Amino acid sequence: MRYAAWRFVLQRGSAAVLALCVIVHLATIIYAVRHALSAEAIVARMHATAFWPSFYTLFVVAVAIHAPLGLRTIADEWLALRGRATDTVLALFALVLLGGGLYAVASLAG
Amino acid sequence: MRVMTDATFPVRIWRGGADGAFEQFDVPRRASQTVLDVVTHVQRHLDASLAYRYACRVGMCGSCAMTVNGKARWTCRTHVDAVATDGTLEIAPLSHLPIVRDLVVDMAPFFDKWAAAKGRFQPTATRNDDFAKVAPASAKRRAIDATIECIGCAVCYASCDVVEWKPDYLGPAALNRAWTLVNDVRDGAGVSRLRAVASEGGCQSCHTHQSCTRSCPKHLSPTGSIAGLKRAVAQAALKGTL
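So, how was this worked out
Throughout this document, residue positions are counted from 1 along each chain, in the order its sequence is written. Each chain takes a letter, starting from A, and each ligand takes a number, starting from 1, following the order in which they are written. In keeping with the predicted nature of the model, local features appear solely for residues at pLDDT of at least 70, side-chain atom pairs appear and are counted solely at 80 or more, and the whole-chain, interface and lining totals rest on all residues. Here a helix means four or more residues in a row that DSSP labels H or I, a strand means two or more in a row labelled E, and each is numbered from the N terminus. Residues with at least 20 neighbouring C-beta atoms inside 10 Å of their own are called buried, those with 12 or fewer are called exposed, and the rest are partly exposed, where every C-beta is derived from the backbone. Working definition of a contact: two residues with C-beta atoms, positioned from the backbone, lying within 7 Å. Any residue outside Ala, Val, Leu, Ile, Met, Phe, Trp, Tyr, Cys, Pro, Asp, Glu, Lys and Arg is labelled polar, Gly included; the first ten of those are nonpolar and the last four are charged. To obtain an axis, a line is fitted to C-alpha atoms, over the contacting stretch when the element is a helix, and the angle between two such axes runs from 0 to 180 degrees between their N-to-C directions. Should an angle fall under 35 degrees it is taken as roughly parallel, and over 145 as roughly antiparallel, whereas 65 to 115 is taken as roughly perpendicular and any remaining angle as oblique. Two helices that cross are described as forming a left-handed crossing if the nearer one is turned anticlockwise from the farther one by less than a right angle, and a right-handed crossing if clockwise.

Draft legend 1. Representation of the overall build of chain B in the model. When its secondary structure is counted, chain B shows 10 helices and 7 strands. Seen along its three principal axes, the alpha-carbon backbone of chain B occupies a region of about 75 × 40 × 30 Å. Within chain B, buried positions represent 41% of all 242 residues. Long-range contacts, defined as pairs at least 24 residues apart, comprise 63% of the intrachain contacts of chain B with a sequence gap of at least 6.

So this is what it looks like as structure tokens:
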């Protein structure tokens, strides 16, 4: 019954994290393009400190929380899909995002 | 003896239930005419079987709320000149509520949600206690004053997109009333009310479209009240008291 309140808190919280992560991510993309960083150079920087792997891990976790919850509301309001089955599918999608995202971070920084 | 020939204008009025249709009437156009005047003219002079509601006809009771040219309004407070910009009127029952007949809707679901949001004062004092002392300038009392004037006309409910998309959404009016009670220091419902507005279909379903605030004939802001509920619910959830 109170899960609705928790979903709301997680959605707002992950949104705040994502706002920050997206700005930093865009800044790094612009930097990489401006300085013509090669793929090898980028991977080297990912290995250099613990900061970038930590940052992107946080980014992945925030996405894995935020996107499925957003889709849950869209499925409910636009497709009239609601209930246990929908929640299960979206929970699995959250795991896919988490797994895929962490795999990407590990590949680049591990 | 005077021969009066009033200019008429076409008015389409919903007839029947959910599977009904619009019926056109030609109604005399008069100065300072309200939409309620139009509906009343049709029922008294053109078709006595038209069903509609009104009571005070002076913008106090909210009984005459209908959909006029696509927007929920109080018909007694809506001048024909203001809305019939192309010289026609389309009058339908309020949206998002079951149609009883013609322009009459069943208000029961609206008030059921009011009860589900625990929009009812729960007393804590007895006759043996002194009067409650509530400072009028206190933040909580001012928050109540800003939104207490709701008369349950359902115009906000009829205007809300989320009510349309999500059948179990409690709606702006019910949540607005719950907010006044959350701020009432005399009330004893406490956590149970926060839980009621934090359930599926509760305050967090509001997308802040503000259709309710724009359409409220009493110029209340259910959006603001719902924002207050979201804060209160989030704080309670994080503190573990929800």
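Alright, that's what it looks like, and here's the rest.
Draft legend 2. Spotlight on the interface of chain B and chain A. Contact residues are listed per partner, giving 14 residues for chain B and 10 residues for chain A. For the side of chain B that touches chain A, the element with the highest residue contribution is helix α10 (residues 222–239) of chain B, accounting for 5 residues. Its residues assigned to classes, the side of chain B that touches chain A shows 7 nonpolar, 3 polar and 4 charged.

Draft legend 3. Looking closely at the packing of helix α7 (residues 172–182) of chain B against α10(B). Residues and elements named next belong to chain B. At a minimum axis distance of 8 Å, the contact between α7 and α10 shows a crossing angle of 60 degrees. In terms of orientation, α7 lies oblique with respect to α10. Like other packed secondary-structure pairs, α7 and α10 cross with a definite hand, here left-handed. The residues of α10 that touch α7, namely those facing Pro172, Ala173, Leu175, Asn176, Ala178, Trp179 and Val182, are Pro222, Ser225, Ile226, Gly228, Leu229 and Ala232. Looking at the contact of α7 with α10, its residues break down into 10 nonpolar, 3 polar and no charged.

Draft legend 4. Spatial organisation of the environment of B:Tyr54. All names here are of chain B. Structurally, Tyr54 is set in the loop between α1 (35–46) and β3 (65–68). The class for Tyr54 is partly exposed, based on 18 C-beta atoms found within 10 Å. Measuring from C-alpha to C-alpha, the distance between Tyr54 and Cys203 comes to 31 Å, with 149 residues separating the pair along the chain. Leaving out residues up to four positions away in the same chain, Tyr54 has contacts with Leu36, Ser63, Cys64 and Cys76.

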